[in-house]
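Listed here are the chains, written in short residue letters.
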Amino acid sequence: MEKKNFDWENLGFGYHETEKRYVSNYKNGAWDEGALISDSKIVMSECAGVLQYAQTIFEGLKAYTTEDGRIVTFRPDLNAERLIGSCERLEMPPFPKERFLDAVTKVVVANEAYVPPYGSGATLYVRPYMFGISPVIGVKPAEEYQFRIFCTPVGPYFKGGVHPITIKVSDFDRAAPHGTGHIKAGLNYAMSLHAIVTAHKEGFDENMYLDSATRTKIEETGGANFIFITKDNKVVTPKSSTILPSITRRSLVQVAKDYLGLEVEEREVYKEELKDFAECGLCGTAAVLSPVGKVVDHGEEICFPSGMDEMGPITKKLYETLTGIQMGHIEAPKGWIHVIR
Ligand code: PLP
Ligand code: COI
């Protein structure tokens, strides 16, 4: 298979149209059989549910070329399950798990020429999504839906790859108690746009959102969960009903315990504790595990001892073990690696 001619090593996290995408339509109470198509454009009613009331949800996962040349995805079953949870919360028809897995495989195989080579630092980002496509004018769920998957080759989410970033404690809230913070709904990202543009204008790479009820607890960023390392090498990660249950975070917790023998605490984490941590990282499919060097809280700088030059030592071990599992040179726990071919 001849690969496309990308400068893989220097790819950013952007969209490049590939050849094929998957589409399945929900009409009269059932999903059709679905198909791979070439047209990347979507035509819909001006009054579609997604356009009027933001009835849309998505997922994100990656396909990797392993050291021995296979193409694999990482825990796609968890993306399928999380999408079903998102469907339930937004009154959308669930897309069956087995069909989700099959559609991911079809899209990756059909776009194999876009799967970046092993060792390039790039991956194929796979974006499943679903939206209400039939007209809706009174506030209610749409009757018809479209489920699609496209993919795009990507490089690191943060410029500079694994270089530590600086984040600010945001004055905006991301999620309300009993709201939609725990699902992957487009609306959560729309309302974070002003906050991220503001943070970027001020020179920060990302936002740290606090719990909106008390503004004392650390939640997550716009696109990743937090992992902290204590000075005695414990892994601490925020537990909250209003953050997205990151598949990367859940995997890192298991890697920390089972591969590195580290103690892990999943619990409420207070902003006041920040100054006591030795290392901090952002974890997610796009972010992988990106080190944070500094948090700025209304002018007060909290600088982690790991510094601004490189990843802290425990974060590095977590990163190397996780990516080693994903790239196939460290044995994976059963069921984590889904071989495409
Ligand atoms: N939190 C938010 C808000 C996200 O958008 C993402 C990305 O998917 C994550 C966390 C990380 O989740 P995952 O590791 O499943 O990609
Ligand atoms: C992902 O990591 O897959 C996400 O959806 C996060 C997004 C900010 C790109």
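All values derive from a computational prediction rather than experimental measurement.

S.K.: Now, about the packing of helix 6 (residues 247-259) against helix 7 (residues 313-326): what can you tell me, with residues and values included?
M.R.: Relative to each other, helix 6 and helix 7 sit at 105 degrees, their axes nearing to 10 Å. With respect to each other, helix 6 and helix 7 are oriented roughly perpendicular. Side by side, helix 6 and helix 7 meet where Thr248, Ser251, Leu252, Val255, Ala256 and Tyr259 of the first sit next to Leu318, Thr321, Leu322 and Ile325 of the second. A class-by-class count of the residues in the contact of helix 6 with helix 7 yields 7 nonpolar, 3 polar and no charged.

S.K.: Explain the environment of glutamate 301 to me, using residue names and the numbers behind them.
M.R.: Counting through the fold element by element, glutamate 301 comes out in strand 16 (residues 300-303). By relative accessible area, glutamate 301 is classed as partly exposed at 47%. Not counting chain neighbours up to four residues away, the residues in contact with glutamate 301 comprise Lys294, Val295 and Val296. Of note is the side chain of glutamate 301, whose polar atom sits 3.5 Å from the side chain of lysine 294.

S.K.: Can you explain the site of ligand 2? Please cite residues and give values.
M.R.: Close contacts around ligand 2 come from Phe13, Phe58, Gly60, Tyr125, Arg127, Tyr157, Lys184, Gly223, Thr285 and Ala286, and that covers them all. Note that an oxygen atom of ligand 2 is positioned 3.5 Å from one of the backbone N or O atoms of threonine 285. Within the contact set of ligand 2, an oxygen atom lies 2.8 Å away from a backbone nitrogen or oxygen of alanine 286. Compared with its free state, where it exposes 280 Å², ligand 2 has 90% of that area covered by protein. Its residues placed into classes, the shell around ligand 2 shows 5 nonpolar, 3 polar and 2 charged.

S.K.: Lay out the site of ligand 1 in plain terms, naming residues and giving numbers.
M.R.: Surveying the vicinity of ligand 1 reveals 16 residues, the closest of which are Tyr189, Glu220, Ser246, Thr248 and Thr285. Within the side chain of glutamate 220, an N or O atom sits 2.5 Å from a nitrogen atom of ligand 1. For ligand 1, the accessible surface in isolation is 380 Å², of which the surrounding protein chains cover 97%. In terms of residue class, the shell around ligand 1 is built from 5 nonpolar, 7 polar and 4 charged.

S.K.: Help me get a handle on helix 3 (residues 97-110), residues and values and all.
M.R.: The end-to-end C-alpha separation of helix 3 is 20 Å, in line with the 20 Å expected for 14 residues at 1.5 Å each. Along helix 3, the positions that sit buried rather than exposed are Phe100, Leu101, Ala103, Val104, Val107 and Val108. End-on, the buried residues of helix 3 take up no more than an arc of 165 degrees, which puts them together on one face.

S.K.: If you had to explain a nonpolar patch on the surface to someone new, which residues and values would you point to?
M.R.: A grouping of Tyr53, Ile137 and Val139 is seen on the molecular surface, where their side chains present a nonpolar patch of about 350 Å² in accessible area. Within the secondary structure, isoleucine 137 sits in the loop between strand 7 (123-132) and strand 8 (145-154).

S.K.: Would you mind going over the pairing of strand 7 in detail, with residue names and values included?
M.R.: Counting buried positions along strand 7 yields 9 of 10 residues, so the element is predominantly enclosed. Bridge count between strand 4 (residues 56-58) and strand 7: 3 bridges; the pairing is antiparallel. What sits directly across from isoleucine 57, in strand 7, is methionine 130. One ladder, built from 3 bridges, connects strand 5 (residues 61-65) with strand 7; its direction is antiparallel. By the bridge assignment for strand 7, alanine 63 is matched with leucine 124. With 10 bridges joining them, strand 7 and strand 8 adopt antiparallel strand pairing.

S.K.: How would you summarise the pairing of strand 14 (residues 277-284) if you had to cite specific residues and measurements?
M.R.: Of all 8 residues in strand 14, 8 are buried, a share of seventy percent or more. Alignment of strand 11 (residues 225-230) against strand 14, held across 6 bridges, turns out to be antiparallel. Looking at strand 14, one finds that asparagine 225 is bridged to cysteine 283. Two strands pair when backbone bridges link them, and strand 14 and strand 15 (residues 288-297) are joined in this way by 4 bridges, in the antiparallel orientation. Within strand 15, the position partnered with glycine 284 by the bridge is valine 288. Taking the residues between adjacent antiparallel strands as the criterion, strand 14 and strand 15 are bridged by 3 residues.

S.K.: Any details on the nonpolar core? Residues and values, ideally.
M.R.: Counting 34 residues, the largest nonpolar core has Val108, Met130 and Phe147 as its most contacted members. Sorting the residues of this core by element identifies strand 1 (21-27), strand 5, helix 2 (76-89), helix 3, strand 7 and strand 8 as the ones contributing at least two each. Once residues within four sequence positions are removed from consideration, methionine 130 is found in contact with Trp31, Gln55, Thr56, Ile57, Leu83, Cys87, Met92, Pro93, Phe95, Tyr145, Gln146 and Phe147.

Rules used in this analysis
Residues numbered from 1 in each chain as written. Chains lettered and ligands numbered in written order. Predicted model: local features only at pLDDT ≥ 70, side-chain atom pairs only at ≥ 80, totals over all residues. Heavy atoms only, no water. Axes fitted to C-alpha atoms, helices over the stretch in contact; angles between N-to-C directions. Helix = DSSP H or I, 4+ residues; strand = E, 2+ residues; numbered from the N terminus. Parallel < 35°, antiparallel > 145°, perpendicular 65-115°, else oblique. Contact = heavy atoms within 4.5 Å. Nonpolar A, V, L, I, M, F, W, Y, C, P; charged D, E, K, R; others polar. Buried < 20%, exposed > 50% of the residue type's maximum accessible area, 1.4 Å probe, protein only. Polar contact = N/O pair within 3.5 Å; in protein donor to acceptor, adjacent residues only side chain to side chain. Near = heavy atom within 4 Å. Areas by Shrake-Rupley, 256 points an atom, 1.4 Å probe, with all protein chains shown as cover. Expected span 1.5 Å × (residues − 1). Arc of directions from axis to C-beta. Patch = residues over 30% accessible without salt bridge, like charges linked within 9 Å, V, L, I, M, F, W, Y side chains within 5 Å. Salt bridge = Lys/Arg side-chain N within 4 Å of Asp/Glu carboxyl O. Pairing = 2+ DSSP bridges. Core = buried A, V, L, I, M, F, W, Y, C linked by side-chain atoms within 4.5 Å.

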